[in-house]
2 protein chains.
Amino acid sequence: MQSRQYDYRYGCSVEATLDVIGGRWKGVILFHLMEGTKRFNELQRLVQGCTQRMLTLQLRELEKDGVVKRTVYAEVPPKVEYSLTEFGRSLEPILLMMRDWGDRYVSQLVEQKSKVGVGFD
Amino acid sequence: MQSRQYDYRYGCSVEATLDVIGGRWKGVILFHLMEGTKRFNELQRLVQGCTQRMLTLQLRELEKDGVVKRTVYAEVPPKVEYSLTEFGRSLEPILLMMRDWGDRYVSQLVEQKSKVGVGFD
DNA sequence: CTGTATCCCCTATGATACTG
DNA sequence: CAGTATCATAGGGGATACAG
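- Going by the annotation in an unreviewed UniProt entry, the name recorded for chain A is Helix-turn-helix transcriptional regulator, with Scytonema millei VB511283 given as the source organism.

## Observations regarding the side chain of His32 of chain A
- Along the chain, His32 of chain A falls in helix H2 (residues 26-34).
- Among all residues touching His32 of chain A, those that are not within four sequence positions of it are Lys38, Leu43, Leu46 and Val47 of chain A.

## Topic: the environment of Gln52 of chain A
Residues and elements named next belong to chain A.
- With respect to the secondary-structure elements, Gln52 resides in helix H4 (residues 52-64).
- A C-alpha to C-alpha distance of 21 Å links Gln52 and Gly66, two positions 14 residues apart in sequence.
- Excluding residues that lie within four positions of it along the chain, Gln52 makes contacts with Phe40 and Gln44.

## Here's the deal with the sheet that holds strand S3 (residues 79-84) of chain A
Residue and element names in this part refer to chain A.
- Taken in spatial order, the three strands make up an open sheet running S1-S3-S2, and their pairing is antiparallel. Edge positions in the open sheet fall to strand S1 (38-39) and strand S2 (68-73), since each of these has one partner strand only.
- Bridge count for S2 against S3 is six bridges, and the pairing is antiparallel. Paired with Arg70 across the strands is Tyr82, a residue of S3.
- Along the sheet face, H2 touches S1, S2 and S3 and points at about 90 degrees away from the line of S3.
- Most of the contacts of H4 go to S2, to which it runs at about 115 degrees, and overall it touches S2 and S3.

## Quick look at the protein's contact with DNA strand D
- Close to DNA strand D lie 21 residues, the nearest being Gln52, Arg70 and Tyr82 of chain A together with Arg53 and Met54 of chain B.
- The sugar-phosphate portion of DNA strand D accounts for 60% of its atoms within 4 Å of the protein, the bases making up the rest.
- Taking Tyr82 of chain A, its side chain carries an N or O atom lying 2.6 Å from a phosphate oxygen of DNA strand D.
- Of all elements in the fold, only helix H3 (40-46), H4 and S3 of chain A together with helix H4 (52-64) of chain B reach the threshold of two or more residues within the surface near DNA strand D.
- Across the surface near DNA strand D, the residue classes tally to eight nonpolar, six polar and seven charged.

## Looking at the sheet that holds strand S3 (residues 79-84) of chain B
Residue and element names in this part refer to chain B.
- Pairing in this open sheet of three strands is antiparallel, and the strands run S1-S3-S2 from one edge to the other. Where the open sheet ends on each side, the last strands, each with one partner, are strand S1 (38-39) and strand S2 (68-73).
- Sheet strands touched by helix H2 (residues 26-34): S1, S2 and S3. Its angle to S3, the strand with the most contacts, is close to 90 degrees.
- Those strands touched by H4 are S2 and S3, and its axis lies near 115 degrees from that of S2.

## A closer look at the relation of the copies chain B and chain A
- Each copy superposes on the other: chain B lies on chain A with an RMSD of 0.0 Å after a rotation of 180 degrees and an axial shift of 0.0 Å. Such values leave the two copies arranged in the relation of a two-fold axis. Relative to the rotation axis, the closest C-alpha in chain B is found at Gly22 of chain B, a distance of 2.8 Å.
- Both copies contact each other with a shared surface, as 100% of the interface residues of chain B are interface residues in chain A too.

## Looking at the pattern of salt bridges
- Scanning the entire structure with this criterion turns up 12 salt bridges over all chains.
- Between Glu35 of chain A and Lys38 of chain A there is a salt bridge, with its nearest N and O atoms 3.1 Å apart.

Procedures and definitions
- Residues numbered from 1 in each chain as written.
- Chains lettered and ligands numbered in written order.
- Predicted model: local features only at pLDDT ≥ 70, side-chain atom pairs only at ≥ 80, totals over all residues.
- Heavy atoms only, no water.
- Helix = DSSP H or I, 4+ residues; strand = E, 2+ residues; numbered from the N terminus.
- Contact = heavy atoms within 4.5 Å.
- Pairing = 2+ DSSP bridges.
- Axes fitted to C-alpha atoms, helices over the stretch in contact; angles between N-to-C directions.
- Near = heavy atom within 4 Å.
- Polar contact = N/O pair within 3.5 Å; in protein donor to acceptor, adjacent residues only side chain to side chain.
- Nonpolar A, V, L, I, M, F, W, Y, C, P; charged D, E, K, R; others polar.
- Least-squares fit on C-alpha atoms with pLDDT ≥ 70 in both.
- Salt bridge = Lys/Arg side-chain N within 4 Å of Asp/Glu carboxyl O.

Below, the structure is given as structure tokens:
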């Protein structure tokens, strides 16, 4: 879910939010950044399954969208830190609710597997 | 963002939520269903830019994930209604926050276009 | 009215190797 | 350490036509 052009007219602003946080790894990245500033390799350990390349790409988009800040230290070996911008922190309540809802969703899946034939309603 | 297999181990439950609501049109569909039950063609009018095919596909996935209920009436011409399940309604607070955040995000984009050179921080 | 069925394309993502 | 560069691919998504 690459963000669209700036002048794109969102039919509904939920769409806009999804454009920012809807990428394959973005939710998880943002979630971990809520805890505080992280270095690139820290994130790589935290965001299980995400390749180095994808981590870079998703971070770049989050940066472009103004929710993540990238800080490069002029050191050898290189040191780069990622953190939420103030605007990015305004996503925190959403991320927390998403985590909670996700927990309940996963529980439901487990339950559903034990009780076969019981659907939703 | 097709939902993964039921036994998939999410590294972080934010991921699970994004799997359910992160599809190209899902957020918008769910948002409109918050307002109440809608027929297929109503949704098609509401979800601007979504093709008939995509609307069908996304609705099917939302149904499979247990957040949307599909009701078929045995009539001619056919009548099909979509609504949120009870579980789906538990997404409402998230969707509302996403709408609000999206509004602020879009405002920021507009502002950014007028003040060129002013970045985030 | 509410969908399927095809065809097709492009982009998001992955795997792997290389670098300042 | 923190990335690029390349190559490859699945499938998400669009356009269009057809159907019960």
